[in-house]
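# Examination of the molecular architecture
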Amino acid sequence: LKAPEMNEGERRAPISVSAVIDRSGSMEGAKLKLMKATLKFVISHMKESDQFGIITYADTVAETLKLTKMDAVGRQRATDAVAK
């Protein structure tokens, strides 16, 4: 699966992504490590005009990171939220 190529000088529209993450007991070990690596990958490929948020659930649901603009400060906040 591959996205279509963009023409030179063409810019994509900003995106907003909310990751919904299972933090129950079944998500430990290798599954948790892979999930964190995947989120870090997504964050690292977002542009400053994009937004990213995290919703977690187990026994309850929590908004771990509100939709946050992915400028330098937002990117750090998102990375810190993933590390928790």
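Our structure is the block above this text.
Values in this document were obtained by computation on a predicted structure and should not be read as measured data. (Residues numbered from 1 in each chain as written. Predicted model: local features only at pLDDT ≥ 70, side-chain atom pairs only at ≥ 80, totals over all residues. Heavy atoms only, no water.)

What follows is about the overall build of the protein. Each helix and strand in the protein was counted, giving two helices and three strands. Across the protein, helices and strands are ordered from the amino to the carboxyl terminus as β-α-β-β-α. Principal axes of the C-alpha set define a box for the protein whose edges measure 45 × 30 × 20 Å. Per-residue burial for the protein yields a buried fraction of 26% across its 84 residues. For the protein, contacts bridging at least 24 residues in sequence account for 53% of all contacts bridging at least 6. Accessible surface computed for the protein: about 6200 Å², of which carbon and sulfur atoms make up 56%. Each charge class in the protein can be summarised by its mean position, and for the 14 positive and 11 negative side chains these summaries are 3 Å apart. (Helix = DSSP H or I, 4+ residues; strand = E, 2+ residues; numbered from the N terminus. Buried < 20%, exposed > 50% of the residue type's maximum accessible area, 1.4 Å probe, protein only. Contact = heavy atoms within 4.5 Å. Areas by Shrake-Rupley, 256 points an atom, 1.4 Å probe, with all protein chains shown as cover. Lys, Arg positive; Asp, Glu negative; His and termini not counted. Charge placed at Lys NZ, Arg CZ, Asp CG, Glu CD.)

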